[in-house]
Amino acid sequence: MIDIVKLSKTFGTRTLWADVTATVSRGEMLALVGPSGSGKSTLLNCIGLLEKPNAGEIRYEGKDIIRFGRREVRKFRRDVLGYLFQNYALIENATVAANLDVAAKPQRINRGEAGVTIAGALDRVGLAGREKEKIHHLSGGEQQRVALARLMVKQPALVLADEPTGALDHANAKTVIDILREMSDAGCAVVIATHDDRVRDRCDAAFAVNENSLVA
Ligand code: ADP
Ligand code: MG
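Just so it is clear, the structure is predicted and the values come from calculations on it, not from any experiment.

Caption draft 1: Structural detail: unusual backbone geometry. Even without glycine at this site, Leu49 takes up a positive phi of about 60°. Among the structural elements, Leu49 can be located in the loop between helix H1 (40-47) and strand E4 (55-60). Using a relative accessible area of 16% as the deciding quantity, one classes Leu49 as buried. At Asn212, a position not held by glycine, the phi torsion is positive, near 50°. Residue position: Asn212 is located in the loop between strand E9 (205-208) and strand E10 (213-215). Look at Asn212 and you get partly exposed, because its relative accessible area is 30%.

If you want it as structure tokens, here you go:
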């Protein structure tokens, strides 16, 4: 699915990580671990085409996505990528339903039986019937679950999650991990930057960014 090949990132004279090589396949969940400041988010953002590495390749279906032109980047974001940000990245002033609709639109053309409906996704994250509420009236945990529901509606092939349980209580954190695991079991590739051992334990592999190696 995604092959990271000898990827390096420097800021000025500081090397954040160098020669990172790792693979994430469909159905697989990879944790990016390491102390704060070790470059987990930066690596995630390079895969999500939000930042550019200084050297190396990120191969997807045989193509180096780093060298994608603007149209290919847009298509990759729209058709392949799902992002679960720490700050949820929801439209604050809009309703729950409107936020989920944004994810549903690009796919509507070829949505098959397998598609998750907005109502179905909200039900799965414990927010059944909350379509009409404004995002800014929801708690942090509820907003995070809306972001998860949006991901379920979008059904991306690649999910990138940055500290998805960082600000959540135990029950909400469990819901987040369970659903990411379900999406991965359904064939999606998931990469999670995390320092939460509960998340890491549910992943198939963990890559220590600071040590540049897979860890047990
Ligand atoms: P983590 O997610 O593991 O906590 P980050 O990827 O957020 O780590 O950040 C890694 C380091 O890179 C931090 O020390 C941060 O200050 C630095 N950094 C991030 N972006 C920039 C930038 N644009 N310019 C310089 N340094 C940066
Ligand atoms: Mg981070």
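Caption draft 2: Layout of the pattern of salt bridges. This model, assessed by the stated rule, comprises 13 salt bridges. Between Arg67 and Asp64 there is a salt bridge whose closest N-O contact spans 2.2 Å. Taking relative accessible area as the criterion, Asp64 reaches 12% and is therefore assigned buried. In this structure, the salt-bridge partner of Glu142 is Arg130, at a minimum N-O distance of 3.2 Å. You can see Glu142 sitting in helix H5 (residues 140-154) and its partner Arg130 sitting in the loop between helix H4 (118-124) and H5, a full 12 residues away along the chain. Overall, Glu142 belongs to the buried group, its relative accessible area being 16%.

Caption draft 3: Highlighting the sheet that holds strand E2 (residues 14-24). The sheet built from four strands is open, its strands ordered E2-E1-E4-E5 with antiparallel pairing. Strands at the two margins of the open sheet, each flanked by one partner only, are E2 and strand E5 (63-64). As judged from the seven bridges shared by strand E1 (residues 2-11) and E2, these two strands associate in the antiparallel manner. When the bridges of E2 are listed, Leu7 appears paired with Val20.

Caption draft 4: Highlighting the packing of H5 against helix H6 (residues 170-185). At their nearest, the axes of H5 and H6 sit 10 Å apart, and the two run at 10° to each other. Of the possible angle classes, the one that applies to H5 and H6 is roughly parallel. Between H5 and H6, the residues in contact are Gly141, Gln144, Arg145, Leu148, Leu151 and Met152 and Asn172, Thr175, Val176, Ile179, Leu180 and Met183, respectively. Tallied by class, the residues present in the contact of H5 with H6 amount to seven nonpolar, four polar and one charged.

What counts, and where the lines are drawn
- Each chain carries its own residue numbering, running from 1 in the direction its sequence is written.
- Each chain gets a letter, beginning with A, and each ligand a number, beginning with 1, in the order they are written.
- Given that the model is predicted, a residue must reach a pLDDT of at least 70 before its local features are reported, and side-chain atom pairs must reach 80 or more before they are shown or counted; all residues, however, enter totals for whole chains, interfaces and linings.
- In computing side-chain values, all of the structure's heavy atoms are included and hydrogens and water are not.
- Under the scheme used here, helices are H or I runs from DSSP no shorter than 4 residues and strands are E runs no shorter than 2 residues, and both carry numbers assigned from the N terminus.
- Residue burial is assigned from relative accessible area. The probe radius is 1.4 Å, only protein chains are included, and a residue is buried under 20% of its type maximum, exposed over 50%, and partly exposed in between.
- Salt bridges are defined as contacts in which a side-chain nitrogen from Lys or Arg sits within 4 Å of a carboxyl oxygen from Asp or Glu.
- Two strands qualify as a pair provided that DSSP identifies no fewer than 2 bridges between them.
- Here an angle of 0 to 180 degrees is reported between the N-to-C directions of two axes, which are lines fitted to C-alpha atoms, with helices fitted over the stretch in contact.
- Should an angle fall under 35 degrees it is taken as roughly parallel, and over 145 as roughly antiparallel, whereas 65 to 115 is taken as roughly perpendicular and any remaining angle as oblique.
- Here, two residues are considered to be in contact whenever any of their heavy atoms come within 4.5 Å of each other.
- Throughout, the ten residues Ala, Val, Leu, Ile, Met, Phe, Trp, Tyr, Cys and Pro are labelled nonpolar, Asp, Glu, Lys and Arg are labelled charged, and all others, Gly among them, are labelled polar.

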